[in-house]
Each structure stands twice: as structure tokens, then as C-alpha cells.
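# Structural features, examined
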Amino acid sequence: MTVSASSSVQQAEQALGRRLRDIRRDSGLSARALAEAAGWHESKCSKIQSGRVMPSETDLRAWAVICGVPDQAADLIATARNIDGMYVEWRRLERPGLKRAQESVRPLFERTRRFRMYQSWVVPGLLQTEAYTRAVLSTIVSLRSTPDDVDDAVAVRMERQKVLHTGDHRFAILIEEWVLRTVIGTPAIQVGQLGHLITVGSLPSVSLGVIPLGSIRGAGWPVESFTVYDDAQVNVELVSAHLTITQPTEISEYGQAFSELASIAVHGPEARSLITGAINAIG
């Protein structure tokens, strides 16, 4: 089972708090003395050190200067900015438009060699048809009131799919069967998407697994959609936000979750049979 979305951010905030506590202790200052020097209420130091309050950049500069280590301020600020970037609300990410959001992941896709994707909501973007992508992104524009640059965003996503055919990339992809039976756009769009799924699922670089409806759920519990990029990063899709995970222990947990889900998925002819069954049910 994967860790909760908020725990990754919380653990990072607590780690920063412990680092600040150690800096204070090394300086010989008490929490009260530091707070007095900074002009803060004494409880603020305690809350920052425990990770309950995220310090501002001004707070971090003051902490470093008062503790006699002004040279550490830049690194502390960089750490805080990285934590802030772990959890990004979709509205904030998509504010400049969907095209920009699509383009932002291009470097990550280009440098990754092994992709492990689990989708419990929709067909993964790399396997989408143009019509299906347009329907998905148009819905996002409607729901989140983002700038309507769907045509440009669709073009970027279609261009990104070249990664399936070029370079030394491998894709292990798992989807829930209900994704196959959830009509996105129109029945015709969904049927076209499922036919395309059979085609791309046969590519040498792609391993496609489908978790059947009615599967006995042991360790392979349905969770939030996520992608593991090599063993370097995990991106998690939440209803309201996008979570980036880089801590090795948490990446390992998502890798384990993917393995557990893969153990109850079907592949090859059995997966194609489920896709065909969904086509017939829609048609």
C-alpha cells in the first residue's frame, strides 16, 4: 500500500525542522533565545522544529544569521522551495495553460528509461488517441476553468508519444478494467481508444496489464494513479494536486505497490480479451 499523499510532504517538512533544530543546538542557543533575537513568539521555534509550521524564506535567513551560519541560508531556502514544489495544486500548475503543463514533463520523459505506470482513472496519456486526449483535456478546462489551449496541448501530448518508438525506453503499464468501460467523450471516441490500446499494447517496448473487475484484492489494493520514473522519481495524480516524490524509501514503496498490482493483472491475450469485451459492451 502506498503512503498517503500528504505524508511525503510532511516527512520532508519534519526533516527540515530537525535540521534547523540541530543548527540551533550547535550554536548553543535555546529556542527562547533564538525567538527573542528574531522577534518571534517562543512557540514559533518549536512549531518550525517539529515541522508543524513551514518557515518562510525570511525566517530561514534569520535563523541562519542568528545561529552564526549565514552561509547555510541559501541551502535551507533551496530545501524549502523543493518541499513547496512537491505538492502542486492542479490549478497552479495549469494556470499558464495546459500546453505548458504538458511541456513541463518533457525532460523527465526523455531521460527516463524504465516507466512503471498505474492508472485507475483514465487511459494513460502515452497510450491515448488524439480524440480521447482532446476529450480529457476539454473536461479539465471545463472543471478547472483553465485557459483553453486544448489544441496546442493535444499536439504536445501526441508529440510526446514518439518516446514509445524511439530510444531505449521500456513501459510497464497497468490499468483497471473499469477504465476500459468508462466512456470518455463519446462511445465512438471510447471504442476508438480501446482499439488503439490493443495496437500500442503490442509494441515491443510496452507491457500492458489490465486488472480485471471482481479481482480478489489482497495487497494489490486500488490506489491513486502514479508513475515511477526509473528509481528516481514518482509522480502521483490526486484530485486536486500533483505530488512529486523523490525520497528513495517512498519510491521503493510505490515500486512495491506496482508489483503487487501487477501480480493480479492479466497480460497478453487475456488483457486483449478484456479490452475486446469492453468494446463489445460499448458498441
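Here's what I pulled together on the structure shown here.

Parameters and conventions
Residues numbered from 1 in each chain as written. Predicted model: local features only at pLDDT ≥ 70, side-chain atom pairs only at ≥ 80, totals over all residues. Heavy atoms only, no water. Salt bridge = Lys/Arg side-chain N within 4 Å of Asp/Glu carboxyl O. Helix = DSSP H or I, 4+ residues; strand = E, 2+ residues; numbered from the N terminus. Buried < 20%, exposed > 50% of the residue type's maximum accessible area, 1.4 Å probe, protein only. Contact = heavy atoms within 4.5 Å. Phe/Tyr/Trp six-rings, centres within 6.5 Å; stacked < 30°, edge-to-face > 60°. Lys NZ or Arg CZ within 6 Å of the ring centre and 35° of its normal.

The next thing to look at is the pattern of salt bridges. Applying the stated criterion across every chain yields a total of eleven salt bridges. Note that R134 and E130 form a salt bridge whose closest N and O atoms lie 3.2 Å from each other. Remark: E130 and R134 occur in helix 9 (residues 130-144); sequence separation between them is four residues, near one turn of the helix. Taking relative accessible area as the criterion, R134 reaches 28% and is therefore assigned partly exposed. A salt bridge links R181 to E177; the shortest N-O distance between them is 3.2 Å. Here R181 and its partner E177 are both found in helix 11 (residues 177-181), four residues apart, which amounts to about one turn of the helix. A single salt-bridge network, built from bridges that share partners, covers E130, R134 and D151.

Moving on, we come to the environment of A73. Note that A73 resides in helix 5 (residues 73-86). What makes A73 buried here is its relative accessible area of 11%. Sequence-wise, A73 and A62 are eleven residues apart; in three dimensions their C-alpha atoms are separated by 8.4 Å. Setting aside residues no more than four positions away along its own chain, A73 makes contact with R61 and A64.

A separate point is unusual backbone geometry. In this model, D230 sits at a positive phi of 50 degrees, which is unusual for a non-glycine residue. For D230, the position within the fold is in the loop between strand 5 (225-229) and strand 6 (233-237). Of the residues examined, D230 reaches a relative accessible area of 23% and is grouped as partly exposed.

A few words on the packing of aromatic side chains. Tallied over the full model, the rule gives seven aromatic pairs. Measuring from ring centre to ring centre gives 6.1 Å for W40 and W63, while their planes differ by 35 degrees; the resulting arrangement is tilted. Of this pair, W40 sits in the loop between helix 2 (31-38) and helix 3 (42-50) while W63 sits in helix 4 (residues 57-66), and the two are 23 residues apart along the sequence. Of the two residues examined, W40 and W63, each falls in the buried class. Each ring, one from F115 and one from F171, has its centre 4.6 Å from the other, and the planes form 20 degrees; the classification is stacked. With a gap of 56 residues between them, F115 in strand 2 (residues 114-119) and F171 in strand 3 (residues 170-176) connect regions that are remote in the sequence. For F171, a relative accessible area of 2% corresponds to the buried category. The positively charged end of R160 is found above the aromatic ring belonging to F109, 5.0 Å away from the centroid.

These figures come from the coordinates and say nothing about function on their own.
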